[in-house]
Amino acid sequence: MHGFPLPTDAATVAAATAHKPPSTGSVTSSFENTAAHMRTPPQQHAVHTPPHGISRQPLGLVHQQQLQLQQQQQQLSQHQQRSVKRPRPVKSCTECRKRKLKCDRLLPCSQCQKSSRMCKYAADHDPANISDASDTEPADTNRSIKRSCPPGTSNANNNETAGTPAKNGGSPGLPVLEELTQRMERLERHMQGRSPAPTDMSGGRILYAADATVRGFTVKRGGTTTRFFGQHSPRVMLNVFPEARAFLTGQYQRNAIDDLLRNFRLLHKHRQNELRLAMKPITVFVDSMMPVQKRMTDILPKKNICDRLVTVYFDTSETIYRILHARTFYDAYNMYWEGKLQSESFLPQLLCVLSVASRFETKSRGMGHERSDGVHIPTACALIQSWLDNLKGKQLVEISNIQVHILLIHASRMITPRLQDSWNKLGYVVRLAMSMGMHRDPSEFEPRMPVFWGEIRRRLWFTMADMDLHMSIACNMPSLLRDGDFTCKPPRNLNDTEISLNMHELPPSRPIDQLTDNQMQHYAAITLAARMRVAPLVNRIDSLRDYSEVLDVGAKLERFLDDINYIYPRQGSYSVAQKNKQWRSRVILDMHVRRPLLALYRPLAVGAPDVPAAISRSFLKSSVVILKYLDELDPSLEQYHSVAEMYHQILKPDIIYSSLSICYYIQSTIRQNSESVVLSQSAGPHMSMETPDELSLNSGESVMPWSPLSLICTVQESLDLLIKFMSGGDVKDVLCVASVLESVKKPEPSVQEMTRNLYAVLEACLRSSGLTKDKLQTVSLDQYASDTYMHGQPSYGYSNNIRLGGSDNTLGGWILWEGWD
């Protein structure tokens, strides 16, 4: 009898025993019934009278029960000073209540929206919707354990049926076995990704790396000018390397360092002035009063040059981004040269195509004013933008003009150093396309929508969605589109010759491993939903509580990488042209998957506490793979130089980002090796030493499949490539990568040795620019005098509104403050 919990008062006992008479000669069964209804609040049954069943019990037992009840009442009266029990309806959803989160009581609530969980609320008659104590009351150790009734049983107290909604968000209509299976799967996913360290934000521990290594923010002119920098920015990555950062910001006051940074600054100014002059449109075409169509015609090169550039464009650029239908474009192209121009949008399309091709297939790279072998890209882009600005009314929603918008963004990205500009323009184009209904599948508008234009709309929509995802991740900004915001289906894996204007039904899509004109976009569209989950995860990294969702998305992306190697195998009997095209296709698809994977893992892999080894290993592997793309090609081939230049032009931000990421692992491994050597020497000769490949960076598992020496060589090769094709504002990026690499080669870098090695980097940059130190001083003298005349002192781009460490009035201040994007 004493093994069961006692009721709270005599009225509760009377109410509980009234539901079921005791078994013959047994008081234990009566108390079992009492314990089963312990959760019933005492106020609800205070008016019940004692049942007649107790009167038949022996008087000694009744008296003993009354004494125990009095003792229990005395204990309860002592607890009433701390809290008062009351029935309180729970207004939070089941997930927030289970995780003890603050719920805003919406449907769905904000917490469930952040974690992509199904938001549910317990029904009014559900026992889970009643709280039997105040929020501040501590747990009562004397209270009985709540017993859950098995499915299918009824409660005699409140006549609940078997259809009562399941607690904690469970589905009431599911069978017991299926419900248990789903609960087990959720538990496994939760335990698989759970961090071994506490991740409660209120406890001072964070799941991701420190803010200074994830994002940056500058404030100038008293707060009127601000700029946000994402995790891919070199100035943000520089915060991971304190020695290199102190060196570049001038914290080491040495004459040799000042002279070195001064020369790098002069070279940076010189290359920026060259870029600024090359980016100016040709005045005679831009400022002319002639019609814009006539000015577009005047800057076109000869037909034989246009033929070559158009062919190059469709071979290299119409791959994962499908904008034009080749057959339709060539028909309009031939009619134009015959003097039968039918569409005003054709000339802007042709200029965009020639601009993209001129960036890779001309000696001037589309920046020369002579226009003998191509077009001047800044002039062409200015004329196209002027033509778009004059569109009005229904012209804005023509599909051919949407093609011009996307082509212009594609061409501008080739010469614009700021990716944020393209991100802003693309947002306008995506919203314009949504106003045309392109986010809905064309089959919803049949038969009014011809199947040909329906397929073209699918290609354009997934091109914009993929570009939006890439630019958002690169800028560390929220993406405009998310999975579920559109119903447009992926385009089919078909050749351009298989679809035409007059067809009434599309042919079936070919298998994914069959080569077509649209194979790359078809596969990219299949993987887009999983890649779209990365941008929201990265932007709410502050609210993540464990690694489960990150590991889930990362595992899907890594499976996509394996599929790419299957679709475009490295081995096979290919000709040189086929092998180059196969390599280019595999690199483009691989890069579109690795970019989101790196953005997802980077806030955790670089500096996060107790990060799983799978994340660190995958992050390091992807960084190395990006830097080793060119290793698959034969350097002795005639096309190797042009392919290497295209690789640098398209993937330059990824090369810089991956090089700095690898330097972080080099720094961690070398310093761990140094600490291990010190411990081994202090402990004696019996202590065993681990090899570098067996060392762990952030966990107990092996992470480093490469030695630090091989990683240093890989970064050095990428640095040589950046110097070889250096242009515009690349001087800062080259100096950043070179300084970081020198600072991580040894556990304690020497300032003198870093300075000596960076002088060698400066000499290589001058040779790449066709300059010497004396010539650099001469060409920079006029700009230096101009700055002194305009500002009263040389303009180093200082800022007094925010400090990132070190003195702002040093020569090294231009590294951080002067327009580094």
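None of the values given here were measured: they were computed from a predicted structure.

## A word on the overall build of the protein chain
Each helix and strand counted, the protein chain has 29 helices and four strands in total. Here the protein chain holds 821 residues, and 48% of them are scored as buried. When contacts within the protein chain are restricted to residue pairs at least 6 apart in sequence, those whose partners lie at least 24 apart make up 71%. Counting every atom, the protein chain has about 40900 Å² of accessible surface; 53% of that belongs to carbon and sulfur.

## Considering unusual backbone geometry
Geometrically, the link from Leu107 to Pro108 is a cis peptide bond, its omega value of -5 degrees lying close to zero. Omega for the peptide link from Glu446 to Pro447 comes to 5 degrees, which places this bond in the cis form. Take Pro447: it is sitting in the loop between helix 17 (419–435) and helix 18 (451–475). Residues other than glycine seldom take positive phi values, yet Arg365 does so here, at roughly 55 degrees. One can find Arg365 in the loop between helix 14 (346–361) and helix 15 (377–389).

## Considering the side chain of Glu455
Its place among the elements puts Glu455 in helix 18. When near neighbours in sequence (up to four residues on either side) are disregarded, Glu455 contacts Pro491, Arg492, Ile499 and Leu506.

## Some thoughts on the UniProt feature "domain: Zn(2)-C6 fungal-type" (unreviewed entry) in the protein chain
Within this numbering scheme, the UniProt entry marks residues 92–121 as carrying the feature "domain: Zn(2)-C6 fungal-type" (unreviewed entry). Taken end to end, residues 92–121 is 40% helix and 0% strand, and its two terminal C-alpha atoms sit 7 Å from one another.

## So, the nonpolar core
Leu267, Tyr313, Phe329, Trp461, Ile615 and Val740 are the most contacted members of the largest nonpolar core, which totals 183 residues. At 15 residues, helix 24 (residues 640–683) tops the list of elements feeding residues into this core. Not counting chain neighbours up to four residues away, the residues in contact with Tyr313 comprise Glu318, Ile323, Leu324, Val353, Val356, Ala357 and Leu407. Counting six residues, the second largest nonpolar core, distinct from the first, contains Cys96, Cys103, Cys112 and Cys119.

## Focus: the packing of aromatic side chains
Each aromatic ring pair is described using two quantities: the centre-to-centre distance and the angle formed by the ring planes. Inspection of the entire model under this criterion finds 16 aromatic pairs. Relative to Trp337, the ring of Tyr333 has its centre 6.2 Å away and its plane inclined at 75 degrees; by these criteria the two rings are edge-to-face. Within this pair, Tyr333 and its partner Trp337 are both found in helix 13 (residues 326–337), separated by four residues, close to a single helical turn. The partly exposed category is assigned to Trp337, whose relative accessible area is 31%. Ring geometry for Phe452 against Trp453: centres 5.1 Å apart, planes inclined by 75 degrees, an arrangement best described as edge-to-face. When the ring centre of Phe229 is taken as reference, the NZ or CZ atom of Arg235 above it lies at 4.4 Å.

## A look at helix 21 (residues 548–567)
For helix 21, built from 20 residues, the straight-helix expectation of 28 Å at 1.5 Å per residue is met to within 8% by its first-to-last C-alpha distance of 29 Å. Taken together, the buried positions of helix 21 are Glu549, Val550, Leu551, Val553, Gly554, Leu557, Phe560, Leu561, Ile564 and Ile567.

## Notes on the packing of helix 16 (residues 399–412) against helix 17
To characterise two packed helices, one gives the angle between the axes of the helices and the distance between these axes. Running from amino to carboxyl end, helix 16 crosses helix 17 at an angle of 165 degrees, the nearest separation of the two axes being 10 Å. Relative to helix 17, the element helix 16 lies roughly antiparallel. Judged by the sense of rotation from one axis to the other, the crossing of helix 16 with helix 17 is left-handed. Contacts between helix 16 and helix 17 pair Ile402, His405, Ile406 and Ile409 from the former with Ser422, Lys425, Leu426, Tyr428, Val429 and Leu432 from the latter.

## Observations concerning helix 27 (residues 751–769)
Between the first and last C-alpha of helix 27 there are 27 Å, a value that for 19 residues agrees with the 27 Å anticipated at 1.5 Å per step. For helix 27, the set of buried residues is Val751, Met754, Thr755, Leu758, Tyr759, Val761, Leu762, Ala764, Cys765, Leu766 and Ser769. Where helix 27 terminates, the next one or two residues include Gly770, which has phi positive at roughly 70 degrees.

## Side note on the pattern of salt bridges
All chains considered together, the criterion is met by 25 salt bridges. Between Arg510 and Glu498 there is a salt bridge; the shortest N-O distance is 3.0 Å. With Arg510 in the loop between helix 18 and helix 19 (519–532) and Glu498 in the loop between helix 18 and helix 19, this residue pair connects regions lying twelve residues apart in the sequence. Since its relative accessible area comes to 28%, Arg510 is described here as partly exposed.

## Describing the side chain of Asn263
Its location among the elements puts Asn263 in helix 9 (residues 255–278). Accessibility expressed as a relative area gives 3% for Asn263, which makes it buried.

## Notes on the packing of helix 12 (residues 303–316) against helix 14
As a packed pair, helix 12 and helix 14 sit with axes 8 Å apart at the nearest point and diverge in direction by 85 degrees. Compared by their axis directions, helix 12 and helix 14 come out roughly perpendicular. Contacts between helix 12 and helix 14 pair Cys306, Arg308, Leu309, Val310, Val312 and Tyr313 from the former with Leu350, Val353, Leu354, Val356, Ala357, Ser358 and Glu361 from the latter. Its residues assigned to classes, the contact of helix 12 with helix 14 shows ten nonpolar, one polar and two charged.

## Concerning the environment of Pro378
As for its placement among the helices and strands, Pro378 is situated in helix 15. The spacing of Pro378 and Lys280 is 98 residues in sequence and 6.5 Å in space, taken between C-alpha atoms. Apart from the residues within four sequence positions on either side, Pro378 is in contact with Ala278, Met279, Pro281, Gly366, Met367 and Ile415.

## Here's the deal with the pairing of strand 3 (residues 216–220)
Pairing analysis gives five bridges linking strand 3 to strand 4 (residues 225–229), with the strands arranged antiparallel. Pairing of Lys220 across the sheet is with Thr225, part of strand 4.

## A short note on the confidence of the model for the protein chain
When pLDDT is averaged along the protein chain, the result is 75, and 69% of the positions lie at 70 or above. Low pLDDT, under 50, characterises residues 193–205; the stretch is placed with 24 contacts to residues that sit more than four places away or in other chains.

## Overview of the environment of His470
Counting through the fold element by element, His470 comes out in helix 18. Put simply, His470 and Arg595 are 125 residues apart on the chain and 7.7 Å apart in space, counted from C-alpha to C-alpha. Not counting chain neighbours up to four residues away, the residues in contact with His470 comprise Tyr321, Arg413 and Arg595.

## Thoughts on the state of the cysteines
For the structure shown, the criterion picks out zero disulfides. Unpaired in this structure, Cys96 has its nearest cysteine sulfur neighbour in Cys93, at a distance of 3.4 Å. Overall, Cys96 belongs to the buried group, its relative accessible area being 1%.

The rules behind each value
- Residues numbered from 1 in each chain as written.
- Predicted model: local features only at pLDDT ≥ 70, side-chain atom pairs only at ≥ 80, totals over all residues.
- Heavy atoms only, no water.
- Helix = DSSP H or I, 4+ residues; strand = E, 2+ residues; numbered from the N terminus.
- Buried < 20%, exposed > 50% of the residue type's maximum accessible area, 1.4 Å probe, protein only.
- Contact = heavy atoms within 4.5 Å.
- Areas by Shrake-Rupley, 256 points an atom, 1.4 Å probe, with all protein chains shown as cover.
- UniProt positions renumbered as here; feature names shortened; annotations may be inferred.
- Core = buried A, V, L, I, M, F, W, Y, C linked by side-chain atoms within 4.5 Å.
- Phe/Tyr/Trp six-rings, centres within 6.5 Å; stacked < 30°, edge-to-face > 60°.
- Lys NZ or Arg CZ within 6 Å of the ring centre and 35° of its normal.
- Expected span 1.5 Å × (residues − 1).
- Axes fitted to C-alpha atoms, helices over the stretch in contact; angles between N-to-C directions.
- Parallel < 35°, antiparallel > 145°, perpendicular 65-115°, else oblique.
- Left-handed = near helix turned anticlockwise from the far one by under 90°.
- Salt bridge = Lys/Arg side-chain N within 4 Å of Asp/Glu carboxyl O.
- Nonpolar A, V, L, I, M, F, W, Y, C, P; charged D, E, K, R; others polar.
- Pairing = 2+ DSSP bridges.
- pLDDT = per-residue confidence, 0-100.
- Disulfide = S-S within 2.5 Å.

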